[in-house]
Amino acid sequence: MFYYASVKNNKDYSVLSGSQDDYVSDIVCDKDGNFVMVVNDNQIRVYDQELNKINETSIDNIYNFMGVDANGDVIISTSAEVGEGKCDLSFRKFDPASGKLDEGQNLGGIIASYDVGILTGTDGYDFYYSTDSCLYGYNYDSNKSTEVLTYSVAGINKSSTRYFEAVNSESFICRGFDANYVDNPELERIAKADPSEIADKTVLTMASMGCDDSSFSI
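About the criteria used
Residues numbered from 1 in each chain as written. Predicted model: local features only at pLDDT ≥ 70, side-chain atom pairs only at ≥ 80, totals over all residues. Heavy atoms only, no water. Helix = DSSP H or I, 4+ residues; strand = E, 2+ residues; numbered from the N terminus. Polar contact = N/O pair within 3.5 Å; in protein donor to acceptor, adjacent residues only side chain to side chain. Contact = heavy atoms within 4.5 Å. Pairing = 2+ DSSP bridges. Core = buried A, V, L, I, M, F, W, Y, C linked by side-chain atoms within 4.5 Å. Buried < 20%, exposed > 50% of the residue type's maximum accessible area, 1.4 Å probe, protein only.

Here Asn 40 lies in the loop between β2 (35-39) and β3 (43-47). Engagement of the side chain of Asn 40 in a polar contact is seen with the side chain of Asp 22, the distance being 2.8 Å. Within the structure, the side chain of Asn 40 is placed 2.8 Å from the backbone nitrogen of Tyr 23, a separation counted as a polar contact. When residues no more than four places from it in sequence are discounted, the contact partners of Asn 40 are Asp 21, Asp 22, Tyr 23 and Ser 25.

Structure (structure tokens):
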């Protein structure tokens, strides 16, 4: 699900980037068509469709990424250092009208994948998020994560995937690099299948120690 902002006439969008010292970390459109931006990884700025600034809010923890959930709510992912090089991951709802972040939901020591970020949810999930090994469907109110895709099982080389989107909880579109790490312009659709329904298949059983996902690439 995507939300689009309509713009009347041509406008100078340089106002969104602020000063020359600013950089835009992420930008989304909320369900009302406002531009919600994270700037310099530490500020959230909201502009209406006429590019008037509505509000500006500071992010009090480590910023990870931002997205829009199935209900049109803006979700901010932050982390807080808890010592010994560990961080607790949280998802927090942001209200563009008031400029306030809620207390959020804490997921503990889960390490989320920055290159996928937050994908708008389908099939009863508010949104999807990723770790280096799996994609999860997430329900905000219950703070429940459900594994919907394991990259190694699906034959996805996570390190070479640079675009990922959910069609639904059993079908995904991705694009990445080829074997020579050159941009591959083709989109690939991955659909979950019941192994028992695949007639022409070969079952391989492997055992190893101290390996990573690349060991299982055939």
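Here the focus is the sheet that holds strand β11 (residues 127-130). The strand order across the open sheet formed by 4 strands is β10-β11-β12-β13, and the pairing between neighbours is antiparallel. In the strand order of this sheet, the two ends are held by β10 (119-120) and β13 (144-150), each with one partner. Pairing geometry for strand β12 (residues 134-139) and β13, over 6 bridges, is antiparallel. The residue of β13 that forms the bridge with Leu 135 is Leu 149.

It is worth spelling out the nonpolar core at this point. What tends to happen in soluble globular proteins is that the nonpolar side chains get buried as a cluster. Core analysis: the biggest nonpolar cluster contains 26 residues, and Val 36, Ile 44, Met 66, Ile 76, Phe 91, Phe 94 and Phe 127 have the highest contact counts within it. Every element with two or more residues in this core is listed here: β2, β3, β5 (62-68), β6 (74-83), β7 (86-95), β11 and β12. Counting residues per element, this core draws most heavily on β5, at 4 residues. Tyr 125, Ala 166, Phe 172 and Ile 190 belong to the second largest nonpolar core, which has 14 residues in total.

Everything listed here is a matter of geometry and, on its own, says nothing about what the molecule does.
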